[in-house]
Amino acid sequence: MGADLPRFWLAVRCAWMAVILLIFCERAIAGQSSSARSAVPAGRELTDEVGRRVQVPREAGRVVSLAPNLTEIVFALGNENHLAGDTDYCDYPAEAAQKPHVGGTVNPNLEEIVSLKPDLVLATKSINRRETVDALDHIGLPVFVTDPHSIEGMIASVEHIGAAMGVEKSAAALAEDLRGRLAGLDRRLAGDAQRRVLFVVWTDPLISVGRTSFIADAVRRAGGRSVVETKTEWPHVSMEEMVRLQPEFLIFASAHAGNTQHDIDELRTRPGWKNLAAMQHGKIVILSDAINRPAPRMVDAIEQLARALHPEAFALRTTPSEFGGAGFSLWGLAPARTKTHRLKPAPPLVAPNTSIEEACLCNR
Amino acid sequence: MQPLTLRRLLWTCGGLSALLLACVVLALKLGAVPISVTDLILDLGRIAIGRANELPTEYRLIVFDLRLPRILLGIMVGAALSVSGASFQALLRNPLADPYVLGVSSGAALGSILALIIAPGFALITPLGAFIGAIATIAGVYFLGRREGQLDSTTLLLGGIICASFFSAIIMFLMTTLTGRDLRGMVFWLMGDLSTPVSAGMQWIFTVGLIAGIGAIYSTSADLNLLLTGEREATHLGVDVTRVKLVVYVSASLLTALAVSASGAIGYVGLLIPHAVRLIFGSDYRLLIPASALCGAIAIVLADTLARTIVPPTELPVGAMTAMAGAPVFIYLLRRGLR
Amino acid sequence: MSTHETFLQAAAGREERPSRDQAVRLNVEQASYAYQVTAQAVPTFTLGATSFQAREREIVAILGPNASGKSTLLRLITGTIAPLSGRVELDGQETSRLDLRTRAQLIAVVHQESPVVYPSLAGDFVLQGRFPYGRALRFANRQDIEIARNALAQVGGEHLAKRNIGELSGGEKQRVILARALAQQPRLILLDEPTLHLDIGAQVELLERLRQLAQEARYTVVVVTHELGLAAEFADQVVLLQHGRCLRVGTPAVVYQKELLEQVFDAPLDVEIGPAGRPRVNLRARRGEDIT
């Protein structure tokens, strides 16, 4: 039986701790040597849209995209053969869903990303977490982060991504095309008064877009003006305020074929909503959900919105343009996939009607 | 059961350490990218003798740059939370106490949100802000929890709950001003998440803090056994109750602060692991402290491995895993009689 | 006669009187104390100057109704508080000046039953009494285990060693707590209202055991109680307190005066002297009538 042996036991514990420390040191050393891996062949140094310096190869052989809009841009640039992987939520175009997946946008699996051996990883500030970017940086993978806040910003992102991937020519061509269409739209709408609109991101609670978001910019380009003027990106607005302001149009965005009309009919009976003139007169626009993603398809959506807001400017055309994946949404009732498409502007990761308090306090 | 002897203590710790090592090897093996065990052991050997460069790069990146640091962080966090939980259960003489009962995690969350708002450009702001917030909470609750110059369990508990509620209210308010991305990141972190890499400086602070904290608490473990029978009784047996309570309070809070800064608030571990260890090994704190540390490490490593592999390639936050596994275990223990 | 009386009479037959020439162990000399919220405030409670002496092998009862200052006196004796005036000495040393460890080796305190939060075996519980003799992380050695076993035997509880404390009856738990006190190998044993949760049989058993221990192992025992009958039967000395004042100190026969007791306990009482010279107290339900 042991007696007074505190020192002996202390020594044992120190030994145990020392082992842990040793492992740490080894890992630190291993970490040093693996960072040297980031000597990418014949690289250039670029500055991404959040000001980070990134070493990219001359031509990106393998690219991983961490956000659906970035995947769309890669496809739009015609560079999909070099797309080595994307996220679970990248669903446009259809081929994007066939690419190897690395997980979600908020929590992509770092091991999967590494195992795809990318030369370049694309991320965007509004969707991906800084921690993910830092982690990839830490192991020496070049990450190019975009941060568009306007339509022009989105087009600039297209050019930057093109430059990072080494396909400047396609990027320039695409950018010119998009700018051209927008200029054409501006001309067509010149002289028409801006329509006052409310862009509804979510109904319970009522969330709209702030004036610094790219959706607000899209609305502006389409000849509308959001009645919500605040700087907060996704402001919660009060129903009474909307009844007081009485926007001329209500805009919803949706992804799936479904029962949007049924949903809106249901909304029509609710207090507050039924007091909106736009609801009563049926001045409701259902856009394709491309409006939520800063990608080239957004311009399609802008055109669609412009047609709805200013039909007289387009009087010569009678056929509606492609909806491109538009449909009807089920507010929060759609399966996870759909909900996530709306995830960018919509409340994240917490079900609607969960209070933030529950999210905070539910540590157990 | 015989009275605790040194031999029994060493055997138990040795056995649990071996189990921990096995779990670590298992965790290194499993993941989105499969690794074989024999290769792993050979590679560990190669690294140990310094021939790290012979390994294929991606493989080394995955195992040693991504998995191993995460596993080590998990070990530290598990040990810190379990020891902290066991200590608070003794300090407050309450079997429902856990590392967060005195408001440390709310303070840390508030600290990290404030840091995000004030200095969003700075890379490592979240853990630093969390740590500062936690320390401030520890000091605040200490002053709230004093009565007649020494820490009183009930007052301490009340002070902690008040602080936690107050900070949560402020957090709710502030979260409306955060942008969507930061909000998502914050919610992730609040659930408990091991995927954020910890900077080298923070690792050292964590290691030193862990050793110091567990060591300090362990030095009072015999006193804690007596303290559990009552403060008056312990005083009359020669325990310096004021000093012991202060040491345990500061050390346990420090351990919680470190764990929460690195990984957010992982729940259930600090509450349940000490009870599970008590069921198996008895309530003697001289064994409970090290056994809880080791079992907590094992639990977190296993939970994190499960979180990484259950829905590939998505990674769940480890806090979600501990909650899902923890709730049924909690119910079982309750029915058995939380002792 | 009531059951109570039967028991007491039976116990009386076995008593012994301590001799007067044994060493004084506990010396309380004009010790007083006052509880004050702040140094300038009016004291909320005061214990007036109290004096008594306790020798080896003596049982001293500190007697009084609630809020009479018994707990304060107890804390003065254990050295938890220092007297405002006067002295409290154990074998010549001031108890309040002793360090915690030494104090624990000299004085053992048995408190009222406190709820046990976590289960432990009775044997481990008794072993805790050896804490004052070891270093910080000490594990029990053979000697400690021997002493603990003896302590349990002394209280007649060897069979309880492997049982869980939470499952014991009140009397058994009290025995285990006493065993822990004995394991401290103290010179002075203090008991604070030990009979509160016990039935009459267990009460008598406890006090008998205390008397036996005091005789055999030369302990000094101080019992704080408000049980008149038990104090009369078992104490060698009684210290009578009321409202923080020490009214009388002496043998039970001296202290148990009818008018004094009636005034202190505010109840109609009769006092008789029993065959062994010990007073017996009877309660009168109405004036002039006996209920026995």
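Residues numbered from 1 in each chain as written. Chains lettered and ligands numbered in written order. Predicted model: local features only at pLDDT ≥ 70, side-chain atom pairs only at ≥ 80, totals over all residues.

## Digging into the overall build of chain B
- What chain B contains, in helices and strands, is 14 helices and two strands.
- A buried classification covers 57% of the 339 residues belonging to chain B. (Helix = DSSP H or I, 4+ residues; strand = E, 2+ residues; numbered from the N terminus. Buried ≥ 20, exposed ≤ 12 C-beta atoms within 10 Å, placed from the backbone.)

## Here's the deal with the overall build of chain C
- Looking only at helices and strands, one finds ten helices and twelve strands in chain C.
- Residues classed as buried in chain C amount to 42% of the 292 residues present.

## Examining the sheet that holds strand E7 (residues 188-192) of chain C
Residue and element names in this part refer to chain C.
- The sheet built from six strands is open, its strands ordered E6-E7-E8-E3-E9-E10 with mixed pairing. Edge strands, defined here as strands with exactly one partner in the open sheet, are strand E6 (107-110) and strand E10 (245-250). Across the sheet, the axes of successive neighbouring strands diverge by a mean angle of 15°, strand direction being ignored.
- As defined by bridge partners, E6 adjoins E7 across four bridges and the pair is classed as parallel. Bridging across to E7, alanine 108 finds its partner in isoleucine 189. (Pairing = 2+ DSSP bridges. Axes fitted to C-alpha atoms, helices over the stretch in contact; angles between N-to-C directions.)

## A look at the sheet that holds strand E1 (residues 24-35) of chain C
Residues and elements named next belong to chain C.
- Across the sheet, four strands lie side by side as E2-E1-E4-E5; this open sheet has antiparallel pairing. Every other strand in the sheet has two partners, leaving strand E2 (45-55) and strand E5 (93-94) as the edge strands with one partner each.
- Two strands pair when backbone bridges link them, and E1 and strand E4 (residues 85-90) are joined in this way by five bridges, in the antiparallel orientation. Each residue of the ladder has a partner; that of serine 32, found in E4, is serine 85.

## Things to note about the domain arrangement of chain C
Residue and element names in this part refer to chain C.
- On domain assignment, one finds that chain C holds domain 1 (1-91 + 189-292) and domain 2 (112-186).
- Listed as interface residues are eleven residues of domain 1 and, on the opposing side, nine residues of domain 2.
- Of all the secondary-structure elements, those providing two or more residues to the side of domain 1 that touches domain 2 are E7 and helix H7 (200-217).
- Residue composition of the side of domain 1 that touches domain 2, grouped by class: seven nonpolar, one polar and three charged. (Domains from an automatic or database assignment. Contact = placed C-beta atoms within 7 Å. Nonpolar A, V, L, I, M, F, W, Y, C, P; charged D, E, K, R; others polar.)

## Things to note about the nonpolar core
- By size, the foremost hydrophobic cluster in this structure holds 270 residues, and its most contacted members are A:Val121, A:Ile251, A:Met298, A:Leu305, B:Ala80, C:Val126 and C:Leu190.
- A per-element tally of this core places helix H3 (residues 57-91) of chain B first, with 19 residues.
- Among residues more than four places away in sequence, those in contact with B:Ala80 are B:Leu210, B:Leu255, B:Leu258 and B:Ala259. (Core = buried A, V, L, I, M, F, W, Y, C linked by C-beta atoms within 7 Å.)

## Thoughts on the pairing of E4(C)
Residue and element names in this part refer to chain C.
- Bridge analysis of E4 against E5 gives two bridges, and the strand direction is antiparallel. Considered in E5, the bridge of glutamate 89 is made with glutamate 94.
- Between E4 and the antiparallel strand that follows it, E5, lie two residues; aspartate 91 among them carries a positive phi value of about 50°.

## A few points about helix H2 (residues 68-76) of chain A
- Buried residues dominate H2(A), accounting for nine of its nine residues.
- Within two residues after H2(A), A:Gly78 carries a phi angle of roughly 75°, on the positive side.

## Examining the pairing of strand E10 (residues 284-288) of chain A
Residue and element names in this part refer to chain A.
- Across the five residues that make up E10, a large majority, four, are buried.
- With five bridges joining them, strand E9 (residues 249-254) and E10 adopt parallel strand pairing. Note on E10: the bridge partner recorded for phenylalanine 252 is isoleucine 286.

## Side note on the confidence of the model for chain B
- Averaged over every residue, the pLDDT of chain B is 84; residues scoring 70 or more account for 89%.
- Of all the helices and strands in chain B, helix H7 (residues 180-191) of chain B carries the lowest mean pLDDT, 70, while helix H13 (residues 285-309) of chain B carries the highest, 93. (pLDDT = per-residue confidence, 0-100.)

## Some words on the environment of C:Ala49
Residues and elements named next belong to chain C.
- By the secondary structure assignment, alanine 49 is in strand E2.
- In sequence terms alanine 49 and glycine 86 are 37 residues apart; their C-alpha atoms lie 7.6 Å from each other.
- Those residues in contact with alanine 49, other than ones at most four positions away along the chain, are Gln30, Ala31, Ser32, Ser85 and Gly86.

## Focus: unusual backbone geometry
- Put simply, A:Tyr92 and A:Pro93 share a cis peptide bond, and its omega is -10°.
- Position of A:Pro93 relative to the elements: it lies in the loop between strand E4 (83-85) and helix H3 (110-115).
- Residues other than glycine seldom take positive phi values, yet C:Gln30 does so here, at roughly 50°.
- Inspection of the secondary structure assignment puts C:Gln30 in strand E1.
- Given 14 C-beta atoms within a 10 Å radius, C:Gln30 is considered partly exposed.
- In this model, C:His243 sits at a positive phi of 50°, which is unusual for a non-glycine residue.
- Structurally, C:His243 is set in the loop between strand E9 (237-242) and E10.
- Judged by local crowding, C:His243 falls into the partly exposed class, with 15 C-beta atoms found within 10 Å.

## With respect to the packing of helix H5 (residues 125-144) of chain B against helix H11 (residues 241-263) of chain B
All names here are of chain B.
- Running from amino to carboxyl end, H5 crosses H11 at an angle of 155°, the nearest separation of the two axes being 8 Å. Between H5 and H11, the angle is such that the two are roughly antiparallel. The element H5 and its partner H11 pack so that their crossing is right-handed. For the pair H5 and H11, the contacting residues are Pro127, Ala130, Phe131, Ala134, Ile135, Ile138 and Tyr142 in the first and Tyr249, Ser253, Thr256, Ala257, Val260, Ser261 and Ala262 in the second.
- Taken together, the residues that form the contact of H5 with H11 break down as eleven nonpolar, three polar and no charged. (Parallel < 35°, antiparallel > 145°, perpendicular 65-115°, else oblique. Left-handed = near helix turned anticlockwise from the far one by under 90°.)

## Let's talk about the confidence of the model for chain C
- Per-residue confidence for chain C averages 84 on the pLDDT scale, and 88% of its residues sit at or above 70.
- Our summary of model confidence lists the complex with pTM equal to 0.79 and ipTM equal to 0.82.

## Some words on the environment of C:Val238
Residues and elements named next belong to chain C.
- Mapped onto the fold, valine 238 is located in strand E9.
- With 26 C-beta atoms packed within 10 Å, valine 238 lands in the buried category.
- If sequence neighbours within four positions are ignored, valine 238 has contacts with Ala61, Leu63, Ala231, Gly250, Pro252 and Val255.

## A look at helix H7 (residues 214-221) of chain A
Residues and elements named next belong to chain A.
- Counting buried positions along H7 yields seven of eight residues, so the element is predominantly enclosed.
- Lining the buried residues of H7 we find helix H5 (151-165), helix H6 (168-189), strand E7 (195-200), strand E8 (224-226) and helix H11 (297-309).
- One or two residues past the end of H7 sits glycine 223, with phi positive at roughly 85°.

## Concerning the packing of H5(A) against H7(A)
Residue and element names in this part refer to chain A.
- Here H5 crosses H7 at 110°, and the two axes come no closer than 8 Å. The orientation of H5 relative to H7 falls into the category roughly perpendicular. Contact residues: Ile151, Gly153 and Met154 in H5; Phe214, Asp217, Ala218 and Arg221 in H7.
- In the contact of H5 with H7, the residues fall into four nonpolar, one polar and two charged.

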